[in-house]
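Residue strings, one per chain:
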Amino acid sequence: MRLSRIEAVRFGGVDGRTLDGLGDGLTVVVGPNEAGKTSFTTLVRHVLYGFPTPSKPRAYVSAAGSREGRLVFADPEGEWVLQRTEGPRGGQLAVRTLSGSERPDLAEELTRGVSEAAFGAVFGFGLAEMDEIERMRGSHDDIVSRLYAAGAGLAVSPQDVRATVDDRAAKLFALRGKNPTINALLGEIREMRDRVRTLEVSAEEYASDVEHLGELRAEIERATTARDAALERHRALAFDAGRVGDWEREIETAEVELAEADSEIARLDMLAEALVSGSDASAPVVEAEAVLGEAALFEQRFRAVRDRESRLREAEREASAALADLGMSRELALAADISPQTAAEIETRRDRLVRLEERTESLRSRLLEVRETAGGRAVGPTAGSPWPAVLLAVLGLLLAAYATVSADVTLGALGVVVLVAGAAFVLSRSRASAGAGTAPVSADAADATAGELQTARAEWAAWIRDRGFPDSVGDPGSAATLLAALKDVRGRLREAENLASDIAEEAAWLETYRVRLAAVAEPLGTGAPASLDTVSACAVGVRSSLEAAARLVAEKEDLKRARESAAARIAAIRTRIGASSERVQVALDRNGVTDSAALQGAVGIASAASDEAIVRNDALTCEASAITERVRCEEREKGMASLRLDITGAEERIRRSAEEYAIYTVASRMLERAQERYEREQQPEVVREAGRIFARITGDRYPRLKVPLDSSPIAVFDSAADERRTDHLSRGTAEQLYLALRLALLSQLGEVGVRLPVLMDDVLVNFDPERRRGAAEAIVDVARQRQIIVFTCHPETAALLADVDPGRTEVSLDRC
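Just so we're clear, the structure is a prediction, and the values are computed from it rather than from any experiment.

### Some words on unusual backbone geometry
At glutamate 34, a position not held by glycine, the phi torsion is positive, near 65°. Locating glutamate 34 in the fold gives a position in the loop between strand 3 (26-30) and helix 1 (37-49). Overall, the relative accessible area of 62% leaves glutamate 34 in the exposed class. In the Ramachandran plot, arginine 89 falls in the positive-phi region, its phi being about 55° despite a non-glycine side chain. Considering the arrangement of structural elements, one finds arginine 89 in the loop between strand 5 (78-85) and strand 6 (92-99). Since its relative accessible area comes to 81%, arginine 89 is described here as exposed.

In structure tokens form, the structure reads like this:
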């Protein structure tokens, strides 16, 4: 979800103006002074959190009436309007749906987890609010405490917990206080003991016991003092022992870091030596780059050759299958005459054979009718039987058909002769019969037609062989089908020949490229490609070698800078080790021991001494209680018993309160030590991210920063590990630090405030050009996660952001 439009319905100098076209990531709003940039930023906060109450000074007053503003939010599922009009308790808020589902709780969804103070410090700020992060230290909305809580994944700030613990302890006991619980109880006990002492002393018969009781009480007081001193000694020794252990572990950690830094120095020296030894290598860079420039063309033509080879195999397979279906060899298929003249001749011969077959069949039918009409009489010039001639014609026809199937030319010629003779004989008999009986058709005519048909068939068989067709083609109809099939086969064979020619031509070019690549690959040590399949891998190797050569000089400079940085880190580590060693020695000297083991032994002795003092104090207290019982007189028993009961009750309450006070005191101290150690060793990711951003902005001048858990000032460390507090930084550098803290917090907040826009009002104005660019890059990085709107009156700032993020949205504002 993003803020797409800000509408100032009634709001000071921007009455009736709209800021529209806000983008999802980074939006740069450019406008001169008095264009309303700060007004729009303030209006967004008022619409989200309410207008200031009447007790606060009113700003942005509108002559048209109560202040009012609208914010339009949109996402892929819809568009909604937040509208607030000035009134009681911050004004009336309305949510209106332009598209999508109803979302009456949209304002709560947007601001969940972000208070108004946190919004003003982190989400909507200008130059006046830059140092608010530090000014709010120790307050309820301490942003630094929120940094630590967010970084540690805590729901509350450790600083708040510690403050609560200290407050509860202070309510139980104060060194010079009167009102805390334990102090008040101690006063009551002293008062009641004075009254008891007065009553006891008044009994002369118990003077001795009273005197002894006084001595016991004095001894108890001394024993109590000794007990408290032993406990304090034990506490101080235990505390120093814990600190010494922490410092010694810090020294061990620093020594490990020192060894790693020394190892890094050695590694960098080896790399530098290797770079120097390999820096004289030379290679035909220009020729190699020219060859690599054709690598994409090689890949394209190589894939094309593989595709054509596949198509060639498919065409040959289809042609072979078609030839097998036709029963012809490739040579016969290529030799056969399939010209248009052949196709026309086939049609002509087919028409002739059809006509002859129809005529022959007609004559035979008519001749049969004539014979049936003659009643079995001879028809024709002779009276002999026609059956021998018919048998002769049938024999000739069978011989011709067999010769056609078996491709036997001699047998075929004999069959044609026999067929013609039989047909002539039948025809002559028919003519004779017709002359004798005046029939409508003669046998000779039928025989002649049958002979003409046989001759046409013989001519067809001879003609089809002359054009290369197989003898199995028995009639022109099958010949036409075969002709079409041969045309298709020849097309496939021509396609295969063309593909083979193209493949040969492309293979020659590919082989030439392989040879050229091998010529430039060998000097670079990448190995020549053994085949076309390895050319691409070889080209990648050549490109990597060229890039490595191009990076050689840059790597030398990087190694030099890395070595200098490692050397500085070694110096800083040694300084840390020395400081920790000095602190350990001071603690040991303060306790009169030589090492940490002796200090632990002293802790054990002090613990035993404190236990012994407690036992002695308890014994004296028991003895004093027994004597006190003896000095009671009967008439005073009731009053003294009541006083003693009250004293016992008060002492019990003191004991319980003292235990509670000890728990709170120890908890506070443990929190303090945990905070100190956390600050020293495990600053949260949000602070580390702020350090990385600040180092990036300052060009690594300040590679690390420290944000203490208490109210101490924020500090930064320069490249020499010198610490500087924010009050020792220039205004521009301090503002860069505050911006880095905000950007780090925004990048680590996760889903907290993820739908809220981040509004920055000319926050880069005090940055120099170099650091302004680093800050712009850091802002653009966060804008990839959250919507950021940067207001500026400086065109050069807008140009810088456009250069860093070409995809940003830019909106112009005119002066009001």
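### Re the confidence of the model for the protein chain
For residues with low pLDDT, the predicted coordinates do not support detailed interpretation. Averaged over every residue, the pLDDT of the protein chain is 78; the share at 70 or more is 78%. Predicted confidence for residues 376-384 stays below pLDDT 50, and this span has 25 contacts to residues more than four positions away or in other chains. Between residues 432-439, whose pLDDT stays under 50, and residues either more than four places distant or in other chains, the model counts 16 contacts.

### Some points on the nonpolar core
With 81 residues, the main nonpolar core has Leu739 and Met760 as its most contacted residues. Ranked by residues supplied to this core, first place goes to helix 21 (residues 731-748) with ten residues. With residues up to four places along the chain from it excluded, the contact list for leucine 739 reads Phe125, Met130, Met760, Leu764, Phe767, Ala775 and Ile779. One finds Ala288, Leu499, Val535 and Cys538 within the second-largest nonpolar core, a separate group that totals 24 residues.

### Concerning the pairing of strand 12 (residues 788-792)
In terms of burial, strand 12 is largely enclosed, as five of its five residues are buried. Every second residue of strand 12 is oriented toward a common face, with Ile788, Val790 and Thr792 on one face and Ile789 and Phe791 on the other, all of them buried. Relative to strand 12, strand 3 is paired through five bridges, and the arrangement is parallel. Within the sheet, the bridge partner assigned to leucine 26 lies in strand 12 and is isoleucine 788. Here strand 11 (residues 758-761) pairs with strand 12 via four bridges, running parallel. Following the sheet pairing, leucine 759 is matched in strand 12 by isoleucine 789. Note on the crossover from strand 11 through helix 22 (residues 769-783) to strand 12: the handedness is right-handed.

Reading the values: the criteria
Residues numbered from 1 in each chain as written. Predicted model: local features only at pLDDT ≥ 70, side-chain atom pairs only at ≥ 80, totals over all residues. Heavy atoms only, no water. Helix = DSSP H or I, 4+ residues; strand = E, 2+ residues; numbered from the N terminus. Buried < 20%, exposed > 50% of the residue type's maximum accessible area, 1.4 Å probe, protein only. pLDDT = per-residue confidence, 0-100. Contact = heavy atoms within 4.5 Å. Core = buried A, V, L, I, M, F, W, Y, C linked by side-chain atoms within 4.5 Å. Pairing = 2+ DSSP bridges. Right-handed = clockwise from strand over helix to strand, strands pointing away.

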